[in-house]
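Close look at the chain arrangement
Take a look at the letters that make up each chain.
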Amino acid sequence: MAKTPAASARKKTPGRGSGGRGSHSKTPRSGGAKSPKCTASETLLHEDASHQFNSTVEFIPRRDKFMKSDPLSGPTFNQDANCNWTVTIGDLACIEAAADDGGAEHPNGACDVTAPFSVRWRPCQILSLFRERDKSTESKLSKKKHWGPLKAEVRWFYRRADLDDRNRRYESAKRGSGGEEVFESGHVSVVDASLLLGRLVLKRSPGEEGSDDFLQYPVPTVEKHCHRYYFRKDQDVFETFDGENMVRRGVECSDLLKNEKVAAAVYRYLGLSPPKGNVEGDGRIALPPPSKSVKLHGEVAAYYSSCTLEHSWSQLKHGSFICPSDKRGAFPKWQLCVGDMVAVHMGDSTPASGADAIAGRDKWYPYRVKWSHGQVTAIFRSFDKMSDVPKEESTVDPSELICEIRWFPRPSEALAEGIRLLGKQLKQPVRDRLKQVAGDSERTCDVIIEGKQATTVVANCLLGPVLVEDKPGSNEELGISIFLPHNRRVVSDQVRCNAKGVPHEAKRMESVDFDPSLRVQRGISASKRFTGDAQRASVLKAALHCRRERAERLQHPEDAAGGSNDGDAAAESLSAESPQKKRQLFADYYEEEIAESKKRRLSEGTQRNDAVPATKNQVDPLPTSPAKKKGKQQPTATCRSAPFHVDVSALKSFYEEVEIAPQTESYDDRFAAGAGAKPWKVKLGDTVTVEVEPANAKESSVKFPFVVPWGPVEVVSIYRVHRTKESCARLREQLSRKGDEGNKFSPDDNSGEIMIEVRWFYRPWEIPGASKKKSEPMDDGELEEVFETDKIDNCSADSILSPVCLHDEKRSLDAPNAVMGMPCIHYHCGRLWSIHRRSFIPSGSLVNRISRGRMYSEYKSVLDMRQSALSIGDAATSNQKGDQTWKDAFQTAIQQLSLAAAAEDAQEKGMVLACRKKERDQIKSFLTKAITGLVQTSHSQGHDEDETSKNLKSSMFIAGPPGTGKTASVRSVVAELQKEQHGGKLPEFKFIALNGMELRHPFDAYIKFWEALSGTRKESLKAGDAAYELEHYFCGDQMEESEDESSEDESSEDSSEEEEEDDSGNVTEDDGEEMERTEVVSERPVTVLMLDEIDKLVTKKETLIYNLFDWPLRATTARLVVIGIANTINLPEKMSTRVQSRIGGNRCYFKSYDVTDTMTILKSRLGMLDGTHSYSVFEEDAIKFASRKAANLSGDIRKAFRMCKVAAEMVYEDLISGKRPMPRGNRPIVKISDVQKGSRDVFTSIVIKAVSHSTSYEALFMISLGALKRTREDGSFTIKEILTKIESIANASGEPRYMNARLSFADVLGLASRLGAAGIIQVTTHDSSPFPWISTHLETYEINGAFRDTKHSKLSEKHLANQRLF
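Notes on the structure follow. (Residues numbered from 1 in each chain as written. Predicted model: local features only at pLDDT ≥ 70, side-chain atom pairs only at ≥ 80, totals over all residues. Heavy atoms only, no water.)

What follows covers the overall build of the protein. When you go through the protein residue by residue, the secondary structure sums to 38 helices and 49 strands. Taken over 1366 residues, the protein has a buried fraction of 53%. Long-range pairs, those at least 24 residues apart, make up 75% of the contacts in the protein with a sequence separation of at least 6. Working note: accessible area of the protein is about 62100 Å², and carbon and sulfur atoms make up 49% of it. (Helix = DSSP H or I, 4+ residues; strand = E, 2+ residues; numbered from the N terminus. Buried < 20%, exposed > 50% of the residue type's maximum accessible area, 1.4 Å probe, protein only. Contact = heavy atoms within 4.5 Å. Areas by Shrake-Rupley, 256 points an atom, 1.4 Å probe, with all protein chains shown as cover.)

Below, the structure written as structure tokens:
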């Protein structure tokens, strides 16, 4: 690459100042033809197929655009006519404003500046000088490239007039006129290079002296000062830390330099190194000697007035622009003082609204995570004893330092919190005031609201400082580095928040109230860490003194250079995890067990009132794991009552209670002496304390009133793990006997460890993140709050220590109570923390706490069985007491007719479906043989299929119309088989159900199947990865060997013949291989997979269906049984032969319910067959009508349930409201007229009414769509298919109104658009076709019913008349 002397000199000094240099060179101009005569020479930097980039260009000065100089003042530039202007990439220049100035390619402000030129101009930086290839002027016979005119890629510098309205008002109020300042920006445009006018020189400040001799340049030079960067999209201004790095910032903004080769050439020419990623510090916090140490409630706390933190560059959106990664070692650290306003990472923050919600800006700007505003009111560390408090300066991990925050919510946050706490009781004037404050567009910065709510957070949740401006142009925080994003905010003088976060109107603050010192004083007064006026005054004095010292140090950094460097060096000498990992508030819940919470000491007299984070280097504070007993110890837990359930296959028996001997050796001395030896009973749902194991043996944990670390839990289930299957079977047999011998069980007769399933309660410091909602301020003497969670663990019953008492309301408690001499700890509980959602969710009262815990249990089905047995007993008892009232009878009938209750009876209780005994027996026989037998095998060619091979089918296909009990029958059989499994009659199996209608894409079935099978959930799991995991799980490493062996057998027998398959598609193997494979597979538990709505899982290549039905045939490491359910009876026959061979010939067909079946099912649900209820709610004719109506339409039993349920609800509501008189005997019934009215409500919807009022052409469209839907199950058709069907139906109708339609393609497209807009049909597009596909959710009988009693009924009956599938 050739270089001019000017270019070589430029490479050595790529700084910010100059904008080109003079030259007397008269080298002829090079470049493309037709270029304006503006250049004398060009130096080529890089050339590719489409662009030609130059490093240096000599421009001929445009002297006709220069303003004439004043003769009295002398010349301001070299006026030699033979001197050219040399411009290099990275130079600063003045460019003539284009004709379309002010558009998207230029700054928005008006350009009215001319001097020292005679035309309007704008300041810019030249990023690249290039020519584009002009192929239109090239000859096909010549290989010579033709290049277009010279262009320049420039980065604009914004004047104040170019800024947005808010920043322009702020700059005018704070800095006066200041017209000579310009702002860097990332706004890049491509302009004509011939518009360049002159040089631009930028200084760091207005008073800085220039070093250039302007007379050596042949163009005028303009001087400006620039030390700030304007982000156009975010509408924010930053101070640039590295002023000499302007060239690099410009190059990184270039669009054309994204090309790696071009960028490498430019960086090499300018002598710059390629950009680096974010470089974080070690994350350690430097602490001065503590200003105060206090021992309170048995805990020592060391308080600090300030600390020095690392900046969280990874969380800043524009961190690389604020300070480059290679300059961060010299960047001033963040010195935090008590009273500072800060940004805190919070998981439940609410983004800004109104005038503060700027279009195009990220809602959490300037950070990448959710955050809220707060004031630091205390900085402290906790120690076990006073001697542990350091006396000198020290460095600590961010997780060890705690900050108390007084929250300053946004108006949107204050409104959301007020609605959450008060609901409709939040006064409307307050709501209106908040909206008014948020919508004030005259402000120059965002608004926040001063509050009194204070909570504690870990120091690694702090993101950066916040600048509060008490009046326009003021700068309250003198300690904030000018190079950081200031997050300028103004505190509202109209609204405040109380100690619970509820907003209320306030009197306008006097001007003195905006004094920063008074804000610090109010913050310390709101703190819960300090008691007494003397202590608060001492802390305030130390805080104000520290803030003054910090301000002086930043104003005179040379005076404090020595002291600060020592602290930085000490901090840099220690290594730690990256702040990115330490600041992660919400860890992936797959790794919950690796994160442990450091338990703080419980007070001897009162519970602690503040939330204190606990663990060093923690990712997600969670309760510690249950303790494991070391060595052989005498067990303290025994089960003397009979179990309510025994699962022989899992070797577990479940109990309602366990007896615990008090563990006096784990109690504090004051309780150890008073605890007796009498055991106490712990029942299901009781809350207790359990011994836990801390993550780090060296760290201190909560112990009092014990001598071991502990945590509060709820006992969800109690079970014993048996050592042998025989002992478990004997216990089940004993339980099944009816007699007194089953009431008592001796511990000697039931060997095995007693375990408990527990649900954790989190204490305030164990909640992850920095949620200000986690703990409302509490007065002294109030109970500490704990939170229910959805985290479940299993531990030994021997780890139970003592009882826990939960209260709905806070109440005073002087000391922990004692129950039977054991400590009983009291808590207030009113909220639930979800570890999966990472947020608080409504929980309701403690009355329903036990049922909530059962929801998350691993043994939910077992606990539900127990609950159902208790409910049945209660119902039987109530029936014995007397007859049902009419209200109870109606409510029971309505409940029994709900689809949810019917599904629950079939799926969870295993209730047999009426009129489906034959199909159910077939399904049960298949599953029983598949689970107890072997995997799908096949017989050799020429051998007759014997009974054994029939029992070994691995797949079944079930088909039938909708609403005929297919899914319910399968689930009912599975529920029954699970009971047999618990009794030890069947091997252990796992049931997994997938529904094609619930998947966004068919291939998501791989992901859902693997997640259910493995018990893990991974957000980023791809379908291909899940398919590979499933392949490996079922087929393992022997898959390839089996394929190789089968292919060898094929070639040895006959290479021209295809391998033979039986009706299930299994490849033939010899007996030896079959026996060997059978033994391997039979050792693994079987997986039963139900594929519901399999019609929706069919893909173009049918690979999904093939794989799901092929894995059972090739299984070598795990057994798989597949049941496919579809509405299309001949679905397998529509698929390829390879898929048919895998599905096999094991079929089960469900016919539509006829009138008799429907009546039987309804009467069975309503108890009219067995006389369960005292009187029948429905009359016989009403049941007959509903059965005939549903059977004649579609045979869907769900329609009959819906009709009867709606009719019973209408009668019940009419009787309650008095619209219907009560008959004699107080026994009302549902008559046929009520069911008729209910059927109209069911079958007559708004959409059907809209269809019934269709025009002739719309009716022809809908009838054609319904006729097509009967021929194809996928239900989607092209416009061409519908148009063809319309022509066929219209010509065959014989009626002029249809025959004269003669609809065109555009007409049908318009009809589809109108019907789609009305919601009657669905219009979708596919990549395979430019035209839309049409479908409808309406069934054929619903379309036919809509046109009944209309002029289109004859045509509809002809083409849409009901046809029974059987």
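A word on the packing of helix 33 (residues 1256–1269) against helix 38 (residues 1353–1360). Closest axis-to-axis distance for the helix 33/helix 38 pair is 10 Å, and the angle between their directions is 10°. Judged on the interaxial angle alone, helix 38 and helix 33 are roughly parallel. Across from Leu-1260, Ile-1263, Gly-1266 and Ala-1267 in helix 33, the residues of helix 38 making contact are Leu-1355, Ser-1356, His-1359 and Leu-1360. The class makeup of the residues in the contact of helix 33 with helix 38 is 5 nonpolar, 3 polar and no charged. (Axes fitted to C-alpha atoms, helices over the stretch in contact; angles between N-to-C directions. Parallel < 35°, antiparallel > 145°, perpendicular 65-115°, else oblique. Nonpolar A, V, L, I, M, F, W, Y, C, P; charged D, E, K, R; others polar.)

Further remarks concern the pairing of strand 42 (residues 955–959). A regular strand places its side chains so that they alternate between the two faces of the sheet. For strand 42, a buried count of 5 out of 5 residues is recorded, marking the element as mostly surrounded by other parts of the structure. Alternating positions in strand 42 separate into two faces, Ser-955, Phe-957 and Ala-959 on one and Met-956 and Ile-958 on the other, with burial throughout. As judged from the 3 bridges shared by strand 42 and strand 46 (residues 1147–1149), these two strands associate in the parallel manner. The residue bridging Phe-957 from the neighbouring strand is Arg-1147, located in strand 46. (Pairing = 2+ DSSP bridges.)

Here the focus is the side chain of Gln-52. Its location among the elements puts Gln-52 in strand 3 (residues 51–59). Reaching out from Gln-52, the side chain makes a polar contact with the side chain of Glu-47 at a distance of 3.4 Å. Those residues in contact with Gln-52 that lie beyond four places of it in its chain are Leu-44, His-46, Glu-47, Leu-129, Phe-130, Arg-131 and Trp-147. (Polar contact = N/O pair within 3.5 Å; in protein donor to acceptor, adjacent residues only side chain to side chain.)

A contiguous nonpolar surface patch, about 240 Å² in accessible area, is contributed by Phe-1305, Leu-1309 and Phe-1331. Counting through the fold element by element, Phe-1331 comes out in strand 49 (residues 1329–1335). (Patch = residues over 30% accessible without salt bridge, like charges linked within 9 Å, V, L, I, M, F, W, Y side chains within 5 Å. Salt bridge = Lys/Arg side-chain N within 4 Å of Asp/Glu carboxyl O.)

Where burial is concerned, the two faces of strand 18 (residues 334–337) agree: the one with Trp-334 and Leu-336 and the one with Gln-335 and Cys-337 are both buried. Here strand 17 (residues 306–309) pairs with strand 18 via 4 bridges, running antiparallel. Looking at strand 18, one finds that Ser-306 is bridged to Cys-337.

Core analysis: the largest hydrophobic core is formed by 47 residues, its most contacted members being Ile-718 and Ile-756. In terms of nonpolar packing, the next biggest core, distinct from the first, is built from 40 residues, Val-376, Ile-379, Val-520 and Val-539 among them. (Core = buried A, V, L, I, M, F, W, Y, C linked by side-chain atoms within 4.5 Å.)

Within the sequence span of helix 4 (residues 260–270), burial applies to Val-262, Ala-263, Ala-265, Val-266, Tyr-267, Tyr-269 and Leu-270. The backbone nitrogen of Lys-261 has a side-chain oxygen 2.9 Å away, supplied by the residue at the start of helix 4, namely Asn-259. Taken from the residues just after helix 4, Gly-271 is the one with a positive phi, measuring 75°.

Okay, the packing of aromatic side chains next. Overall, the coordinates contain 28 aromatic pairs when judged by the stated rule. Consider the rings of Trp-833 and Phe-840, whose centres lie 5.0 Å apart with planes at 75°: the pair is edge-to-face. Judged by relative accessible area, Trp-833 falls into the buried class, the value being 2%. Classification of Phe-840 by relative accessible area gives buried; the value is 19%. Of the aromatic side chains, those joined through ring pairs into one cluster are Phe-1003, Tyr-1006, Phe-1009, Trp-1010, Tyr-1033, Phe-1034 and Trp-1111. Above the face of the Tyr-1153 ring, Arg-916 is positioned so that its terminal group lies 4.2 Å from the ring centre. (Phe/Tyr/Trp six-rings, centres within 6.5 Å; stacked < 30°, edge-to-face > 60°. Lys NZ or Arg CZ within 6 Å of the ring centre and 35° of its normal.)

Let us look at the sheet that holds strand 13 (residues 236–239). With mixed pairing, the 3 strands of this open sheet are ordered in space as 8-12-13. Of all strands in the sheet, those bounded by a partner on one side alone are strand 8 (184–185) and strand 13. Bridge count between strand 12 (residues 228–231) and strand 13: 4 bridges; the pairing is antiparallel. Paired with Tyr-229 across the bridge in strand 13 is Phe-238.

To characterise two packed helices, one gives the angle between the axes of the helices and the distance between these axes. It is at 11 Å that the axes of helix 33 and helix 36 (residues 1305–1317) come closest, and there the two elements cross at 85°. Judged on the interaxial angle alone, helix 36 and helix 33 are roughly perpendicular. Mapping the contact onto sequence places Tyr-1257, Glu-1258, Phe-1261 and Met-1262 in helix 33 and Val-1308, Leu-1311, Ala-1312, Arg-1314 and Leu-1315 in helix 36. By residue class, the composition of the contact of helix 33 with helix 36 is 7 nonpolar, no polar and 2 charged.

Right, let's talk about the environment of Arg-730 for a bit. Mapping Arg-730 onto the fold places it in helix 13 (residues 725–736). Sequence separation between Arg-730 and Val-648 is 82 residues; the distance between their C-alpha atoms is 9.5 Å.

This part is about the sheet that holds strand 29 (residues 637–638). If you walk across this open sheet you meet the 3 strands as 29-32-33, and the pairing is antiparallel. In this open sheet, the two edge strands, each paired with only one partner strand, are strand 29 and strand 33 (680–683). In this sheet, strand 33 lies alongside strand 32 (residues 657–660) in antiparallel orientation, the contact comprising 4 bridges. Paired with Ile-660 across the bridge in strand 33 is Trp-680.

Relative to the assigned elements, Ser-1293 resides in helix 34 (residues 1279–1293). Ser-1293 sits in the buried class, given a relative accessible area of 17%. With residues up to four places along the chain from it excluded, the contact list for Ser-1293 reads Tyr-1298, Met-1299 and Leu-1355.

In this structure, the amide linkage connecting Ala-115 to the following residue, Pro-116, adopts the cis form with an omega of 5°. Here Pro-116 is to be found in the loop between strand 5 (92–96) and strand 6 (121–133). Cis geometry marks the peptide bond from Tyr-365 to Pro-366; its omega dihedral reads 10°. Along the chain, Pro-366 falls in the loop between strand 19 (341–345) and strand 20 (371–383). A positive phi angle, near 55°, is found at Glu-1093, a position not held by glycine. Of note in this structure, Asp-1349 is not a glycine but carries a positive phi near 65°. Within the secondary structure layout, Asp-1349 lies in the loop between helix 37 (1340–1346) and helix 38.

This part covers the pattern of salt bridges. Using the criterion set out here, one finds 51 salt bridges in the structure. Lys-1199 is the salt-bridge partner of Glu-1342, the closest N and O atoms lying 3.9 Å from each other. A residue pair is termed long-range when its members are at least 10 positions apart, and Glu-1342 in helix 37 and Lys-1199 in helix 30 (residues 1197–1217) qualify at 143 residues. The two residues Glu-1342 and Lys-1199 agree in class, both being buried. Through salt bridges that share partners, Arg-166, Asp-356, Arg-443, Asp-446 and Arg-489 make up one connected network.

This paragraph deals with the environment of Gln-79. Mapped onto the elements, Gln-79 comes out in the loop between strand 3 and strand 4 (84–88). Residues Gln-79 and Pro-220, spaced 141 residues apart in sequence, show a C-alpha to C-alpha distance of 9.7 Å.

On to helix 20 (residues 966–982). Helix length check: helix 20 (17 residues) gives 25 Å between terminal C-alpha atoms against 24 Å at 1.5 Å per residue, within 8%. Among the residues making up helix 20, those that are buried are Lys-966, Ser-969, Val-970, Ser-972, Val-973, Val-974, Ala-975, Leu-977, Gln-981 and His-982. Of the residues one or two after helix 20, Gly-984 is the one with positive phi, at around 85°. (Expected span 1.5 Å × (residues − 1).)

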